[in-house]
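Residues per chain, in single letters:
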Amino acid sequence: MCALLKWYVAAGISEATDTEPRDRFQATPLRKAVVASAPAAKPLESPATAREKSRDTVEIAAACTTLAELRATIHAFDGCALKRTATNTVVGNGDEDAALMVIGEAPGAEEDRQGLPFVGPAGQLLNRMLASINLKRQTVYVSNILPWRPPGNRSPTAEEIALCQPFIERQIALVGPRVLILVGGISAKSLLNEKQGITRLRGTWRELTVANLADPVATMATFHPAYLLRQPAAKREAWRDLLAVQKKLQTPNA
Ligand code: URA
């Protein structure tokens, strides 16, 4: 039993769905009955429907004129199926007038439990990364592309990203940071609208144009702290990216 549980954890299964164990060998007749009476599976959403939905979130997000309003709107939004499997809606937190904003992918298990971004092991490493360039976490605004944890930490789909991206873009516009750090490939590729992976995108300055912000934001992509926990050798490159961010923040009008 213990070996089976360990295997589940290694396979990424971190949540139990039942409080009682079930004997699956006894379950066959019941399963057949359930399958027989189940409604036909819904067809997958077409790209046109996904585009239509994300146009809605552009309008919903644009109508929010403060971060508090945007936060309440995201909490009340029911148009993303990820919300149904998540425990909490996780919106950004930190200094709402921050010069630096950090954007990750999506809440993990601990973030989902607490309803706060980057509070699990990756978040602790993120705090140490910020401290290494003399920044306290509470002076930075930290958020994610998606406000809901994908089940089992699976990668978000292109449709989920497109649907939620207006919410993070509106957070950028309302915070108005001078510098953005995009941690990990999902965050970098979706906001920079690039196809290349994080290894190619990291390490160079880019200008991110956001609706309703007068100037583009100086943006640095770097490795995700969760990746750095698995691949400590990559910390060397991440350190270089952080030094570039520190220099940019210390140079007025740079
Ligand atoms: N990983 C992320 O990308 N975001 C979090 O908030 C936590 C882990």
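Residues numbered from 1 in each chain as written. Predicted model: local features only at pLDDT ≥ 70, side-chain atom pairs only at ≥ 80, totals over all residues. Heavy atoms only, no water.

Asker: Quick question: what am I supposed to make of the packing of helix α8 (residues 158-175) against helix α9 (residues 185-192) here?
Answerer: Relative placement of two packed helices is described by the angle separating their axes and the distance separating the axes. At a minimum axis separation of 11 Å, α8 and α9 run at an interaxial angle of 80°. On the basis of their axis angle, the class for α8 and α9 is roughly perpendicular. Between α8 and α9, the contacting residues are Ile-161, Gln-165, Ile-168, Glu-169 and Ile-172 on the first element and Ile-186, Ser-190 and Leu-191 on the second. A breakdown of the residues in the contact of α8 with α9 according to their chemical character gives five nonpolar, two polar and one charged. (Axes fitted to C-alpha atoms, helices over the stretch in contact; angles between N-to-C directions. Helix = DSSP H or I, 4+ residues; strand = E, 2+ residues; numbered from the N terminus. Parallel < 35°, antiparallel > 145°, perpendicular 65-115°, else oblique. Contact = heavy atoms within 4.5 Å. Nonpolar A, V, L, I, M, F, W, Y, C, P; charged D, E, K, R; others polar.)

Asker: Please clarify how the pattern of salt bridges should be interpreted in this entry.
Answerer: In a structure, side chains of opposite charge can pair up when their charged atoms sit close to one another. The full count for this structure, using the stated rule, is six salt bridges. The partner of Arg-154 in a salt bridge is Glu-160, with the nearest N and O atoms 2.8 Å apart. For the salt bridge of Arg-206 with Glu-194, the shortest nitrogen-to-oxygen distance reads 3.5 Å. Placement of Arg-206 in strand β5 (residues 205-208) and of Glu-194 in the loop between α9 and α10 (198-201) is noted, with a sequence separation of twelve residues between them. A residue is classified by how much of its surface remains accessible, and Glu-194, at 28% relative accessible area, is partly exposed. (Salt bridge = Lys/Arg side-chain N within 4 Å of Asp/Glu carboxyl O. Buried < 20%, exposed > 50% of the residue type's maximum accessible area, 1.4 Å probe, protein only.)

Asker: I keep staring at α9 and nothing clicks. Help me out?
Answerer: Burial analysis of α9 places six of its eight residues in the buried class, the great majority of the element. Turning to α9, its buried residues are Gly-185, Ser-187, Ala-188, Ser-190, Leu-191 and Leu-192. Elements in contact with the buried residues of α9: β2 (100-104), α8, β4 (179-183), α10, β5 and β6 (217-222). Downstream of α9 by a residue or two, Asn-193 has a phi angle that is positive, lying close to 55°.

Asker: Please explain the site of the ligand as it appears in this structure.
Answerer: Gly-104, Glu-105, Ala-106, Gly-108, Glu-111, Pro-117, Phe-118, Asn-144 and His-224 make up every residue found near the ligand. Interatomic distance of 2.8 Å between a backbone N/O atom of Glu-105 and an oxygen atom of the ligand. Here Ala-106 contributes a backbone N or O atom positioned 3.0 Å from a nitrogen atom of the ligand. In isolation the ligand offers 230 Å² of accessible surface; the protein chains occlude 92% of this area. (Near = heavy atom within 4 Å. Polar contact = N/O pair within 3.5 Å; in protein donor to acceptor, adjacent residues only side chain to side chain. Areas by Shrake-Rupley, 256 points an atom, 1.4 Å probe, with all protein chains shown as cover.)

Asker: Hey, could you run me through the side chain of Arg-137 in this one?
Answerer: Its location among the elements puts Arg-137 in the loop between α7 (121-132) and β3 (141-144). One buried charge, Arg-137, has no salt-bridge partner; the nearest side chain with opposite charge is Glu-111, at 7.4 Å. A polar side-chain atom of Arg-137 sits 2.7 Å from the main-chain carbonyl oxygen of Pro-117. (Lys, Arg positive; Asp, Glu negative; His and termini not counted.)

Asker: What is the right way to look at the sheet that holds β2 in this model?
Answerer: Where strands meet in a sheet, backbone hydrogen bonds hold them as pairs that are either parallel or antiparallel. The mixed open sheet is built from six strands, whose spatial order is β1-β3-β2-β4-β6-β5. The open sheet is flanked by β1 (93-94) and β5, the only strands paired with a single partner. Taken together, the four bridges between β5 and β6 define a ladder with antiparallel strand orientation. Looking at the pairing, Glu-207 lines up with Ala-218 of β6. Sheet strands in contact with helix α12 (residues 235-250) are β2, β4, β5 and β6, and its direction is about 165° off that of β6. (Pairing = 2+ DSSP bridges.)

Asker: I would appreciate a short explanation of the side chain of Thr-57 in the present structure.
Answerer: Inspection of the secondary structure assignment puts Thr-57 in helix α3 (residues 47-62). When its relative accessible area of 0% is taken as the criterion, Thr-57 is described as buried. In this structure the side chain of Thr-57 is engaged in a polar contact, spanning 2.8 Å, whose partner is the backbone oxygen of Leu-163. With near-sequence residues (within four places) excluded, Thr-57 lies in contact with Phe-77, Ala-162, Leu-163, Pro-166 and Phe-167.

Asker: Please clarify how the packing of aromatic side chains should be interpreted in this entry.
Answerer: Aromatic rings considered in pairs are described by the distance between their centres and by the relative angle of their planes. In this structure the tally under the stated criterion is three aromatic pairs. Seen from their ring centres, Phe-77 and Trp-148 are 6.4 Å apart, and the 25° between their planes marks the pair as stacked. In this pair, Phe-77 is assigned in the loop between α4 (67-76) and α5 (82-85) and Trp-148 in the loop between β3 and α8, connecting sequence segments 71 residues apart. Classification of Phe-77 as buried rests on a relative accessible area of 13%. Between Phe-223 and Tyr-227, the ring centres sit 5.1 Å apart and the planes meet at 35°, which makes this aromatic pair tilted. For Phe-223, a relative accessible area of 6% corresponds to the buried category. Put simply, the rings of Phe-77, Trp-148 and Phe-167 touch in pairs and so form one group of aromatic residues. (Phe/Tyr/Trp six-rings, centres within 6.5 Å; stacked < 30°, edge-to-face > 60°.)

Interpretation in functional terms is not warranted from these geometric data alone.
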